[in-house]
Structures are given as C-alpha cells and as structure tokens.
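Secondary and tertiary structure notes
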Amino acid sequence: MSHQSDLIADDIKGYLKAQEAKSMLRFITCGSVDDGKSTLIGRLLYDSKMIFEDQLAALESDSKRLGTQGDEIDFALLVDGLAAEREQGITIDVAYRFFSTDKRKFIVADTPGHEQYTRNMATGASTADLAILLIDARKGILTQTRRHSYIASLLGVKNIVLAVNKMDLMDYSEDVVNTIDTEYREFAKDFGFRTIETIPVSALKGDNIITKSAAMAWYAGPTLMAHLEDIPVGDARQAADFRMPVQWVNRPNLDFRGFSGTIASGTVRVGDTIKALPNAQESRIKSIVTYDGDLDEAVAGEAVTLTLEDEIDISRGDVIASKDTPPEAADQFEAKIIWMADQPMLPGRPYIFKTVNKMVPGHVTDLKHKVNVNTLEHTAAKQLELNEIGVCNIALDSRIAFDPYGENREMGSFIIIDRINNTTVGVGMIDFALRRASNIHWQALDVNKSARATMKLQKPAVLWFTGLSGSGKSTIANIVEQRLYARNRHTYTLDGDNVRHGLNQDLGFTDVDRVENIRRVGEVSKLMVDAGLMVITSFISPFRAERRMVHDLLEDGEFIEVFVDTPIDVCAERDPKGLYKKAKAGEIKNFTGFDSPYEAPERAHIHLKTDEVSAEDCADKIIAYLEGHGYLSAEGFTSGGGI
Ligand code: ADP
C-alpha cells in the first residue's frame, strides 16, 4: 500500500511491530449512498492512502470514464467497485474494510441502510465501538437516522458521530448544524450513548474529513479523522470481569488436564480463584499454558489452556469465571431478538440457541411485543418477520452461563439456528434471567416409567401419525388401537379433533397456533409414555420442526413416525369431513395443502401409501413394525427393571 510501502520494503519487522502496538477502532457507517456514504468511506481510504496502487490506477481511469465528477476522482466508484467483489453468495451483506493511519488501526463495517437490511446493520454493529451516522445537511434527521440510532444502541455501540454531510450545498451554515445537533441530542438522550460528536463535513470536497475546512472557520471541533484517531475506546472486553468459555477439555495423558478456550473478557492470573458455571464449582488457577510457554496472566482475546488446582467437573461449553463476580446461570430469559430469516419466528417452535460456546435447544415462550424501528413504538404480535425486532421470553432445555448484554457483549449474545437446515435465523441480546421456573424441579417418583412399563409388559412409545387431512390417519390409527387392545396392550389415542375440543380449544390454524398445538400434544404424549402407555396420535402436524421437537422430547426409540402418504387429489376426493369442498369454496382459511404448507417426513419409520394399500393392511404393517422392534414382546422389552 502506497504510504507505508517504503517502510514495508526497508524494515518489514519494524512495520509489523508498529502495527501491533497501535490501538484498534471498529466502526460502522450508517446511511444510504445518497447521503454520501460511499464518497465518505472512499475519501477516508484515499486520503489515508490505504488504497492498493492497482485499485488507484483503475479508479482514476474509471472516474474519467464513468464518474459523475468530471476529471476529479469519484470516490463512490471505489466503494461500489469493492462492493461488487463481494456480492456473490453472501447472504449477510456487510463489507469489512481495514485501514490504518500512523496513530491507529481501523476496521469499518459498511452496511446498506435500507429498512429491509436491519439484519445487515445488526451484524456490522455487534462488534463496533462507534457508529458514524450520515446526515444530509439539506434533509436533517430522517426516519432512517432514528432507525440506525436505535439499532446501534440495541447492539451496544457507545459512541456516535453525527456526520452532517453536503455542507457545501448549505453554504457551510452553522445554524443548520446547530439545529440538527440539538434535535438529535434530544432524540437520543435515553439511548445510553457515551459520546455524541457532531461534525460538519463535505465528503465530496474533503471538508473536515482529514483537513480542517477553511469554509467553516466557526467550527472548533476535530476533523472526522482526528476524532476517529483520538477517541478513547479502552478495550471494554479487557476491562470486564474474567470469563472464558471452555472450547475443549485437553487431556493428552493422565497427568495433565487443562481447559482450552479463548478468553471472552477480562484478565486471568495464576493463583486466581475461579468459579466454573453453570455448576458453580470453585478452584484456583494453577497454570496458564500456551503454545509459546506458560504465562502469569492472560487477557481477553487470547487463546489459552488453564489448569486448576482441584479436579472439578468441567465440560465443553461451560464457562470459567472470576469467583467474586461470576456470570449468572439460568435457562429462562428475557431477550431482544432481531429476526434474519424469510420464514417467520414462531413462538413454541424449537430452535438451537448458540451462546459463546454452547448450543442448546430451546424455544421462544412468549413474544411480548415487536418494536417498530422507525417510530420505536411497541406493537403486539404473534410472530416476528424478517428484519423485525421483538422482546421475547426464551426457555432453553438446559442452563447456560451468561451476563446481560449491556454488561458484556460476548457473554450476553446468542444466535438462533434453524434445526432443520442449520442456517442462522436470528440474533439475540439477553436482558435478564427469568426466575420463575428455576426452583421447580422434576419430581423424581419411586414408581417410575420403567416400573409402570414392566407391569404392563410393554415398551411405551408414541406412534406419531402425520399426513394431510383425509389421508387416513384416524382410520388406520383406530384399527391399530383395536389390534393392540385385542392383545391386552395399554393404549391411548390423542386425536386432532378431540384435543381441539378441550386442551387446545383456544388455538386456531395459523402457523403460530399449529406450532403450539403440536407442542402441547408432544408434552401430553410424553406424560402418557411416562405412564407406560402406547400412545397413538393423529394430527396433520405439517411442520418438520415440530415433529422433530416431539422426537427430541422423548427418549431413544420412543418416537415412531408414521407417514400416511396420500396424494392430495385422493384426499380431496375422499373428503370424509367435507373440508376440501369448503376449502375450494374459500370458506376455510389456512387449510393444509391449499394455503398452508405440508412438509412431508424425509425418513419416517413407517411409510404408508394408502392409495395403494388398504387401511387394514396399513395397520398390519404397523403391528409388524412394533413386533419386529420389540415393542410388543415381554422378551424384547429392554428398558430395564422394576422399582
Ligand atoms: P385423517 O384422520 O387423516 O384426516 P380419516 O381417517 O378421517 O383421515 O379419513 C380417511 C378416509 O379415507 C376415510 O373415509 C377412509 O375410509 C378412507 N380411506 C380409503 N382408503 C383408505 C386407506 N387405504 N387408508 C386409510 N383410509 C382410507
């Protein structure tokens, strides 16, 4: 790169050392191209001479050919050119650029500013120390300025630069800037920003970007670059309490047992007393081992292996923390969620929640409200759509160690992963733990599942029928139950229509209600399996995610998925309840197969094609499966003994 190429050529070690010693500022630029964002970033890169020489040559010729600035360089072309390079195959559209000056290193995250790109801005802002909000001096504070400010504050960005751009078009007027400054400070007063610096600039002409503007003698503050170079950022991660999530337990031989991971925050020293969470065991640091030898202390960002003075039980995903200021451990929280997927977030649907180092299944128990990012109003909602932000209660299947996001970004954030296709569908920031369920324990009773099952001479399980309406679930389930009854088996059938008359009478047929319907039936099935019964369920259960949830609620071998596979035209012809006729006439909404999807099982345990096989034969096939897998014979019963 041009300005330091001499140093790189003459003294590469000196260059690297100088780089290493410099502090780092991560920032994000918010605003749209029309506000002059590309020009501003291009100007910063160009004036700090951090453009590769070949890029510079291309830029000069492109500017003459395509630019909007006559013979001058069009900086927007530079940034747009860089943008084009990364456009392929990236879903989250954030470009990170690195540059440095003599004083500091910078990483700038450049994100598109439109409303539909909330997720991109959130991705860029989650590690930023500072946000530059670009304001067009002619337009003042707009809805998007408010939106960007809210998201920046939500993500814990502490420093704001209000870059009032295009001052050249407003006669470099002081009044314009003062009005914007006053209005913004009033708007942002509750956002928890540590600093707000208003800087009048012209990205196009270069005023107050690197050099002070001669046209704005009234302005006494720093240039944009001077502010970026001088603002104290003091690494918040290092100042925070010590936390290290354990990535793996390192046990090469019997004499060594260490816990390896990257320190998420704070400092650790040999001799420190620590607490391991979520199990709350204590010990002291015996040594801090690294590839380059042992250390006396290590800080946030370093990858180390810790050995302890006592043998305590710590596994992957646990957190080692300072004993006196440990994180909390809980399985229920209130958190803010930013949704990033086309498929909406449905409360009750199982997702994987990935915290610093741990993947835990869980679900949103309650969407308390959505936040309108433009007006900051709270609105009631049943589900979260792409780019929406909601305040939610979350329940996880096991406890995790965490800090509130406001105190520790690493320990207070999580991503949400779809269980079926493993994509990231949302990010979340934990506000606080919910205490209500933490002192309710599962009651361990002496007469247990295996005792009850032994008495009934059967291996309890759920035969989970899934298929379109009219596919034949109830008909076949009914025959299966009769056959089991004839063999003195203890059964119970949960039927969709019957359950909706009682337990689930408050639920309709929207996606949200369908998810909740199946969640409750899953829980009831689990209780019945615990009672030692063969449970037969007959629900359309259209979504893979919920069937998977029920599978996961139960123990191995207790969930038998029966796919009643009947083409929709055959179901419509049978139409046992007259529902297809009504759906066709537009009298029923959200009817599976019409205006509500059905996700067929990919690997059902039993696959029945009812247009080829009679209901009786389908039932025989199920009984044969149960016999073949030891569900019906006392000898085949393997889940263990009596009381
Ligand atoms: P669901 O419970 O899946 O909504 P039902 O069992 O109530 O479906 O209705 C299925 C209808 O299809 C019944 O009228 C049944 O007699 C008829 N049918 C015809 N062939 C079959 C078959 N091979 N298996 C199951 N049902 C069949």
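Residues numbered from 1 in each chain as written. Predicted model: local features only at pLDDT ≥ 70, side-chain atom pairs only at ≥ 80, totals over all residues. Heavy atoms only, no water.

The next point concerns the overall build of the protein. What the protein contains, in helices and strands, is 19 helices and 28 strands. Across the 643 residues that make up the protein, the buried fraction comes to 52%. If you sum the accessible surface of the protein, you get close to 30300 Å²; carbon and sulfur atoms cover 50% of it. (Helix = DSSP H or I, 4+ residues; strand = E, 2+ residues; numbered from the N terminus. Buried < 20%, exposed > 50% of the residue type's maximum accessible area, 1.4 Å probe, protein only. Areas by Shrake-Rupley, 256 points an atom, 1.4 Å probe, with all protein chains shown as cover.)

On to the sheet that holds strand S27 (residues 559-565), then. Spatial strand order, S25-S26-S24-S27-S28: five strands in an open sheet with parallel pairing. The open sheet terminates on both sides in strands that have one partner only, identified here as strand S25 (491-495) and strand S28 (606-609). On average, each strand axis in the sheet is tilted by 15° relative to the strand beside it, whichever way the strands run. With five bridges connecting them, strand S24 (residues 461-466) and S27 associate as parallel partners. (Pairing = 2+ DSSP bridges. Axes fitted to C-alpha atoms, helices over the stretch in contact; angles between N-to-C directions.)

Taking 1.5 Å of rise per residue, 14 residues should cover 20 Å, and helix H19 (residues 615-628) covers 20 Å from first to last C-alpha, within 8% of that figure. Among all positions in H19, only Cys618, Ala619, Ile622, Ile623, Tyr625 and Leu626 are buried. Along the axis of H19, the buried positions cluster into a sector of 155°, meaning they face one direction only. The inward-facing, buried residues of H19 contact S24, helix H13 (473-486), strand S26 (534-538), S27 and S28. Immediately beyond the C-terminal end of H19, within one or two residues, lies Gly630, with a positive phi of roughly 75°. (Expected span 1.5 Å × (residues − 1). Arc of directions from axis to C-beta. Contact = heavy atoms within 4.5 Å.)

A few words on the packing of helix H7 (residues 143-154) against helix H8 (residues 174-187). Closest axis-to-axis distance for the H7/H8 pair is 12 Å, and the angle between their directions is 45°. Comparing their axes, H8 and H7 come out oblique. Along this stretch, H7 crosses H8, giving a crossing that reads as right-handed. Every residue of H8 that contacts H7 at Thr145, Arg146 and Ser149 is listed here: Glu183, Tyr184 and Phe187. The residue makeup of the contact of H7 with H8, split by class, is two nonpolar, two polar and two charged. (Parallel < 35°, antiparallel > 145°, perpendicular 65-115°, else oblique. Left-handed = near helix turned anticlockwise from the far one by under 90°. Nonpolar A, V, L, I, M, F, W, Y, C, P; charged D, E, K, R; others polar.)

Quick look at the site of the ligand now. Lining the immediate environment of the ligand, one finds 16 residues, of which Gly470, Lys473, Ser474, Thr475 and Val613 sit closest. For the ligand, an oxygen atom lies 2.8 Å from a polar atom in the side chain of Lys473. Residue Ala615 places a main-chain N or O atom 3.3 Å away from a nitrogen atom belonging to the ligand. For the ligand, whose unbound accessible area comes to 560 Å², protein coverage reaches 77%. (Near = heavy atom within 4 Å. Polar contact = N/O pair within 3.5 Å; in protein donor to acceptor, adjacent residues only side chain to side chain.)

Our next topic: the sheet that holds strand S2 (residues 95-100). With mixed pairing, six strands are arranged side by side in an open sheet as S2-S3-S1-S4-S5-S6. In this open sheet, the two strands that pair with only one neighbour each are S2 and strand S6 (195-200). Strand-to-strand, the axes of this sheet are offset by a mean angle of 25°, without reference to chain direction. The pairing of strand S5 (residues 159-165) with S6 spans six bridges and is classified as parallel.

With 63 residues, the main nonpolar core has Phe27, Ile132, Leu155, Tyr184, Leu224 and Leu228 as its most contacted residues. When residues of this core are assigned to their parent elements, the largest contribution, six residues, is made by strand S4 (residues 130-136). Here this core spans two domains, since at least three of its residues come from each of domain 1 (6-230) and domain 3 (328-436). Sequence-distant contacts of Tyr184, that is, excluding residues within four places in its chain, are made with Leu133, Ile141, Thr145, Ser149, Ile160, Leu162, Phe193 and Ile196. (Core = buried A, V, L, I, M, F, W, Y, C linked by side-chain atoms within 4.5 Å. Domains from an automatic or database assignment.)

Among the 12 residues in strand S17 (residues 328-339), nine count as buried, and that is most of the element. The pairing of S17 with strand S21 (residues 389-402) spans 10 bridges and is classified as antiparallel. Bridging across to S21, Phe333 finds its partner in Ile394. Across seven bridges, the pairing between S17 and strand S23 (residues 424-433) is antiparallel. Bridged to Ile338 within S23 is Val427.

With that out of the way, let us pick up the packing of helix H15 (residues 511-530) against helix H16 (residues 544-553). In the contact formed by H15 and H16, the axes pass within 9 Å of each other and the chain directions differ by 20°. When the axis of H15 is compared with that of H16, the two are roughly parallel. The handedness of the crossing between H15 and H16 comes out as right-handed. In this structure, H15 uses Val515, Ile518, Arg519, Gly522, Glu523 and Lys526 to contact H16, whose residues at the interface are Glu546, Met549, Val550 and Leu553. A breakdown of the residues in the contact of H15 with H16 according to their chemical character gives five nonpolar, one polar and four charged.

All told, the structure shown has one cavity of 30 Å³ or more when counted by the stated rule. What the largest cavity holds in volume is close to 50 Å³. Lining the largest cavity, in full, are Pro245, Pro278, Gly317, Val319, Thr355, Val356, Asn357, Lys358, Ile400 and Ala401. Its residues placed into classes, the lining of the largest cavity shows six nonpolar, three polar and one charged. A domain split of the lining of the largest cavity shows at least three residues from each of domain 2 (237-322) and domain 3 (328-436). (1 Å grid on protein atoms, 1.4 Å probe; cavity = no way out; pocket = protein on both sides within 12 Å on 5 of 7 lines; lining within 4 Å. Points joined across faces, edges and corners; volume = space filled by probe spheres on them.)

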